[in-house]
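As a plain string of letters, each chain reads:
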Amino acid sequence: MKRSAAVRLGATLATAALAAATGLVVSTSSASAAVTGSATGYATQNGGTTGGAGGQTVRATTGTAIHSALCNRASSSTPIIIEVQGTINHGNTTKVSGGSCNTAAGVIELKQISNVTIVGVGSGAVFDQLGIHIRESSNIIIQNVTVRNVKKSGSPTSNGGDAIGMESDVRNVWVDHTTLEASGGESEGYDGLFDMKDNTQYVTLSYSILRNSGRGGLIGSSESDRSNGYVTFHHNKYENIDSRTPLLRGGISHIYNNHYVNLHESGINSRAGARAKVDNNYFKDSKDVLGTFYTSEAGYWQVSGNIFDNVTWSARSGDNQPAGPNPTSSTSVSIPYSYSLDSASCVPDVVNRTAGANKGNQVSNGNCTPQTPGPTDPTTPPTDPTDPPTGTNLSLGAGADGSSKASGTSYGNVIDGNLGSYWSPSGSTGSVSVKWSSATSVSKISIREAAGSEGGIRNWRVLNNDTGAVLTSGSGAGVISFPKTSLKKVTFEITSSNGSPRVAEFETYSG
């Protein structure tokens, strides 16, 4: 493919204290201090995306250390925040084995896991020729990292050529303030920068730079792969890209306040029944930035507030159906979350000042003014012991199971209505679940500790066990509220405690 020369980024090195060849994982004292802001867009739906909030924070300077951090957790869902500093490459990324992980050499593998944050800190985190692969996983945050020059052919290869790739039942991923770049197109060995396929849903890509690639990214691997969707793209910069910014096959996407520069062949390619809401974007010096291209299976769009600056449009013919030169809406898309639109006229300025890694994680306030969000606080407890829920305790007559239990205790003790019996994990952490034979709507749970053990439960998460999504997180026992969710199994996961926690009752309520 015709390709402009990519900007070569200099690899950053870890500080001396963390530059050991082993990439030792070091515990840090402040939980999630490096993570800023909260998930936006579709990543806020389906229970939300909080990553490793509330879990242990560790530091990694090699890919092997990242894998070790995942494998050293108590379980594959134990929350963890991995702060990354330095250059991650093939030479320092090996497979690590363990019961809480499923890793591979030559790629950062987030497979069959949940509740993980990877965040670049210090002088920066660069994944050099090494992709990040998310598979059969949920509740993942990736923030403030650079991923560059990942190849599917040539040497070395990684992640099928995708900088960040998601596939196979992935849910709730927030990728924020990243720089994703290649040095050419498919003929030079590169593939997509940000790909989603095989039932990937509830994803947001925000404040990121995607550049110097033949392919920006896709949703759906083929015209028949239409199980993906609910993806938000906002405040990103696509620069020097041939096509796929992104390519949409089926599903719903929300694309707003992005800056597109030098798209050579096509831009937003909505096809195979996809529906895109395209608001207040700025397109400059580009060709065919919106439409259905390279297929007879049409997609649709709702447009408003966009600026087309020196955009050229091809004539409509056969499998190429550009939306311009005067794009009009062909569908209507309802957005379930709140958001603030910057005026399209200021998008180039605000995106250039905020998007990409190592920019201070600044965001826009909807008035074209960058600002720095505060650090994420994962420990604010959404509990209220003084507000007992009303209605029927749905746990009575339900089933129960869990991850572990101390000797002499039972999962069934949390659903028997008897405060004199209890479940306790075999250690200081563990999970217990209430389950039903058919989908049941739940919006509140009440965690009641056994007499004499009050205050033992510290940090916890409530999970939709059907999807792995985190419904809410906090600390301390009591009444916990979250958006009403229809599920067959809800899990209360204790991630830290004082001594041995004891749950006498795990009550569930619909309202």
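Computed from a prediction, not measured in an experiment: that's the story for all the values here. (Residues numbered from 1 in each chain as written. Predicted model: local features only at pLDDT ≥ 70, side-chain atom pairs only at ≥ 80, totals over all residues. Heavy atoms only, no water.)

1. As for the overall build of the protein chain
Counting its secondary structure elements, the protein chain contains two helices and 34 strands. In terms of C-alpha radius of gyration, the protein chain reaches 23 Å, essentially the compact-globule figure of 24 Å for 511 residues. Taken along the three principal axes of its C-alpha coordinates, the protein chain extends 75 × 50 × 40 Å. By sequence separation, contacts in the protein chain at least 24 residues apart represent 73% of the contacts at least 6 residues apart. When the accessible surface of the protein chain is summed, it comes to about 18,000 Å², and 46% of that surface belongs to carbon and sulfur atoms. The average position of the 37 basic charges and that of the 38 acidic charges among the side chains of the protein chain differ by 2 Å. (Helix = DSSP H or I, 4+ residues; strand = E, 2+ residues; numbered from the N terminus. Rg over C-alpha atoms; globule rule 2.2 N^0.38 Å. Contact = heavy atoms within 4.5 Å. Areas by Shrake-Rupley, 256 points an atom, 1.4 Å probe, with all protein chains shown as cover. Lys, Arg positive; Asp, Glu negative; His and termini not counted. Charge placed at Lys NZ, Arg CZ, Asp CG, Glu CD.)

2. Comments concerning the state of the cysteines
Enumeration over the complete set of coordinates arrives at two disulfides. Cys346 shares a disulfide with Cys368; S-S distance 1.9 Å. On the S-S bond that ties Cys346 to Cys368, the torsion sits near -75°, and the link is left-handed. Placement of the pair is Cys346 in the loop between strand E26 (321-322) and helix H2 (347-354) and Cys368 in the loop between strand E27 (363-364) and strand E28 (370-371), with a sequence separation of 22 residues. The exposure class assigned to Cys368 is partly exposed, which follows from its relative accessible area of 21%. Bonded cysteines in the protein chain are paired 1-2, 3-4 when counted in the order they occur along the chain. (Disulfide = S-S within 2.5 Å. Buried < 20%, exposed > 50% of the residue type's maximum accessible area, 1.4 Å probe, protein only.)

3. Details of the packing of aromatic side chains
For the structure on display, the rule yields 12 aromatic pairs. A ring pair is formed by Phe293 and Tyr294, whose centres lie 6.0 Å apart and whose planes are at 45°; its orientation type is tilted. Its relative accessible area of 1% is what places Phe293 among the buried residues. With 6.2 Å between their ring centres and 65° between their planes, Phe492 and Phe506 make a pair best called edge-to-face. Here Phe492, found in strand E33 (residues 478-494), pairs with Phe506, found in strand E34 (residues 503-509); they are 14 residues apart in sequence, far enough to count as distant. For the residue pair Phe492 and Phe506, the accessibility class agrees, reading buried in each case. Grouped by ring-pair contacts, the aromatic residues Tyr42, Tyr202, Tyr230, Tyr256, Tyr337 and Tyr339 constitute a single cluster. (Phe/Tyr/Trp six-rings, centres within 6.5 Å; stacked < 30°, edge-to-face > 60°.)

4. Describing helix H1 (residues 63-71)
With nine of nine residues buried, H1 lies mostly within the body of the structure. Turning to H1, the residues buried within the fold contact strand E2 (56-60), strand E3 (80-88), strand E4 (108-111) and strand E5 (114-128).

5. As for the environment of Gly48
With respect to the element layout, Gly48 can be found in the loop between strand E1 (26-27) and E2. Those residues in contact with Gly48 that sit more than four places away from it in its chain are Ala43, Asn139, Asn172 and Val470.

6. Overview of the nonpolar core
In terms of nonpolar packing, the biggest core is built from 64 residues, with Phe127 and Phe194 touching the most fellow members. Among the elements that line this core, the one with the most residues is H1, at five residues. Apart from residues no more than four positions distant in its own chain, Phe127 is found in contact with Ile66, Val84, Ile88, Ile108, Ile118, Ile132, Val145, Thr146, Val147 and Arg148. Grouped together as the second largest cluster of nonpolar side chains are 24 residues, Ala398, Ile457, Leu487 and Val503 included. (Core = buried A, V, L, I, M, F, W, Y, C linked by side-chain atoms within 4.5 Å.)

7. Some thoughts on the confidence of the model for the protein chain
In this model, the protein chain carries an average pLDDT of 89, and 90% of its residues clear a pLDDT of 70 or more. Here residues 1-22 is modelled with pLDDT under 50, and outside its nearest four sequence neighbours on either side it reaches 54 contacts, counting other chains as well. Note on residues 377-386: pLDDT under 50 across the span, and 28 contacts to partners over four residues away in sequence or across chains. (pLDDT = per-residue confidence, 0-100.)

8. A word on unusual backbone geometry
Cis peptide bonds are those with omega within 30 degrees of zero, and the linkage from Thr245 to Pro246 qualifies with 0°. A cis amide bond links Gly324 to the next residue, Pro325, at an omega of 20°. Mapped onto the elements of the fold, Pro325 is located in the loop between E26 and H2. Of note, Asp198 is a non-glycine position whose phi angle comes to about 55°, a positive value. Mapping Asp198 onto the fold places it in the loop between strand E12 (192-197) and strand E13 (200-206).

9. As for the side chain of Ser100
Tracing the backbone shows Ser100 in the loop between E3 and E4. The exposure class of Ser100 is buried, given its relative accessible area of 3%. Setting aside its immediate chain neighbours within four residues, Ser100 contacts Leu70, Cys71, Asn72, Arg73, Ser75, Ser76 and Ile113.

10. Some remarks on the pairing of strand E32 (residues 469-475)
Of all seven residues that make up E32, six are buried, and the element is covered over most of its length. Where strand E31 (residues 459-464) lies against E32, six bridges are found, and the strand directions are antiparallel. By the bridge assignment for E32, Val462 is matched with Thr472. The hairpin formed by E31 and E32 contains four residues between the paired strands, and Gly468 there has a positive phi angle of roughly 85°. (Pairing = 2+ DSSP bridges.)

11. Points about the pairing of strand E7 (residues 138-143)
Counting buried residues in E7 gives six out of six residues, a clear majority hidden from the surface. The pairing of E5 with E7 spans five bridges and is classified as parallel. Looking at E7, one finds that Val116 is bridged to Ile140.

12. Some remarks on the environment of Thr409
One can find Thr409 in the loop between strand E29 (399-402) and strand E30 (430-449). Taking the relative accessible area as the measure of exposure, Thr409 reaches 12% and is therefore buried. Taking the C-alpha atoms as reference points, Thr409 and Ser426, 17 residues apart in sequence, are found 9.5 Å from one another. Discounting chain neighbours no more than four positions away, the residues touching Thr409 are Tyr422, Trp423 and Ser424.

13. What about the side chain of Glu493?
By secondary structure assignment, the location of Glu493 is in strand E33. Here Glu493 is buried and forms no salt bridge, its nearest opposite-charge partner Arg461 lying at an N-O distance of 4.9 Å. Within polar-contact distance, the side chain of Glu493 engages the side chain of Ser77 at 2.9 Å. Other than its neighbours up to four places away in sequence, Glu493 contacts Ser75, Ser77, Thr78, Pro79, Asn115, Gly430, Ser431, Asn459, Trp460, Arg461 and Leu463. (Salt bridge = Lys/Arg side-chain N within 4 Å of Asp/Glu carboxyl O. Polar contact = N/O pair within 3.5 Å; in protein donor to acceptor, adjacent residues only side chain to side chain.)

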